[in-house]
Structure formats: C-alpha cells, structure tokens
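Residue-level listing of the chains:
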Amino acid sequence: MSRTQGAMAGAGALPYPAAMIWLRNADDIAESLPAIWLVATPERPATLPERSALRRGVAAGILARQLGLPLAAIAIGHEAGGRPLVAQPSGNGLHLSLATRAGMVAVALARRPVGVDVEAVDETAAPPMGVLHPEESAWLLAQPRASRALAFARLWSAKEAYVKALGTGFARAPESFAVSLSAEGRVTVRDGADALVASGFSRIIENGGQEIPAAAIVVIG
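Rules used throughout
- Every chain is numbered on its own, with residues counted from 1 as its sequence reads.
- Only residues with pLDDT of at least 70 get local features here, since the model is predicted, and only at 80 or more are side-chain atom pairs given and counted; chain-wide, interface and lining totals rely on the full set of residues.
- Remark: hydrogens and water are excluded; side-chain values derive from all non-hydrogen atoms of the structure.
- Between rings of Phe, Tyr and Trp, where Trp is taken as its six-membered ring, a pair exists when centres lie within 6.5 Å; planes separated by under 30 degrees are stacked, by over 60 edge-to-face, and by other angles tilted.
- Counting from the N terminus, the helices are the DSSP runs of H or I reaching at least four residues and the strands are the DSSP runs of E reaching at least two.
- Relative accessible area decides the class of each residue, using a 1.4 Å probe on protein chains only: under 20% of the type maximum gives buried, over 50% gives exposed, and in between gives partly exposed.
- As used here, the term nonpolar core means buried Ala, Val, Leu, Ile, Met, Phe, Trp, Tyr and Cys residues forming a set that is joined through side-chain atoms within 4.5 Å.
- Two residues qualify as a contact provided that any one of their heavy atoms is within 4.5 Å of a heavy atom in the partner residue.

A. Spotlight on the packing of aromatic side chains. For the structure on display, the rule yields three aromatic pairs. Residues F152 and W156 carry aromatic rings whose centres are separated by 5.9 Å and whose planes lie at 20° to one another, so their mutual orientation is stacked. With a gap of four residues between them, F152 and W156 both fall in helix 4 (residues 148–166), about one helical turn apart. Overall, W156 belongs to the buried group, its relative accessible area being 15%. An aromatic cluster is built from F152, W156 and F170, whose rings are joined through pairwise contacts.

Set out below in structure tokens:
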C-alpha cells in the first residue's frame, strides 16, 4: 500500500465531510459529494487569464458529465471577490473550487462551501515561517528537516483551500487561523474562538516524478 493509500484508508469519522472522493480522470463521475478531480494536463498557461480559462474549461466538462447535461448548458461565473460558482444550471446547490499548479488542474464540488488548492514541493526555499500561525510553526519545526518542504506544502495547500472556501482568499491574514494535519491526511481548521470551523483531507499525488499535495476544506460552521 502506498503512503497516499495508507493515509486515505486510515481516515476515520469526521464532521462533514466524513469522506472525500478523489478522482484522476476528468471523465469520471463521482458517486457522491464532496469530490475532487485532480487532472494532469500538459498545458502550462503563462498568464492569469490563461490559467483561469484552463481551470474553467476542465471544470465545465466535469460538471456536464456529472450533471448529465450538454456542455452548452454549463456556465461558470464568479462572485465579486473572485470565487468561482456554477452559474448554470441555476438552483443546482453546488459549490465549486478550482486550482491549477505544476501540470495539475483541481476541481472540487460539494454541497457546502469548499476550497481546493494544489502546491508543488519546493526543496530549495526555506519555509516562510512569518505567515504561519504559531501552532503551525511549532508543528513544522518539529518535522524532520529532510521532509520539512513537503510538510510546508501540505500545510500551505490546506490554508489556501480554507480561505478559498471562505471566499476571502488571502485578504484574510494566513497567520490568523490554525490548520492541523494528521498523519492519516485529515485536515482541521481552528479560526478565532471556534474550536473547529472546517475539516477536510490532504493528499499527496505522484505527478511525473513530482510529489504534489492537494487539500480540500469544507466549511461546516
């Protein structure tokens, strides 16, 4: 069993979501939600509009197959703050989050606010400790030095997924809330006085010899 499979198999009961469906093919249909499609792509868009077009194109195809509709019936819009939404069909009750990184497009669908992020592991850079909550900094420094870059990428992808679920992005100070990662891949978020406001999963994906973690957070409070 791989490290990723072991982490997922060990994930027990959580608040919503109790489980997460991970799919690697854009043609796959999720049997239930929440679900994440992590789709490898050879495209390397250089600009923000190009990255946005790639994300939305992949997401529209996934939504069409998931909902059993023609592609022309799908429209992806965005809120004033930039968070994507399923504009058509209307009244669908779906929440959407998108990400692009290092040859991967991530599409998350859920029945509650959801965020997804993908981060590449950078072995050459020191983790920027100043943007972390004190509890996160302590956890990161407790990791073996050789695995600290991977640990930081997992942590940061979870933090970014959370602020995407909030719809604020990093207009919200990243050090103002604390993400916890378990060995089994569980993610929990404490924000302000609340003991738990969000939960989800972190996963490491092999992609062309590169380890890329992806994290999804669903806000529950």
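The rest of the description comes next.
B. Just the nonpolar core, in detail. Counting residues in each nonpolar core, the largest one holds 22 residues, and the members touching the most others are W37, V58, I62, L63, I76, L96 and V107. Of all the secondary-structure elements, those providing two or more residues to this core are strand 2 (35–40), helix 2 (48–67), strand 5 (95–101) and strand 6 (104–110). The dominant element in this core, judged by the number of residues it contributes, is helix 2, at seven residues. For I62, the residues in contact, after removing those within four places along its chain, are A26, W37, V39 and V107. Counting residues in each nonpolar core, the second largest holds 19 residues, with L155, L181, A198 and A215 among its members.

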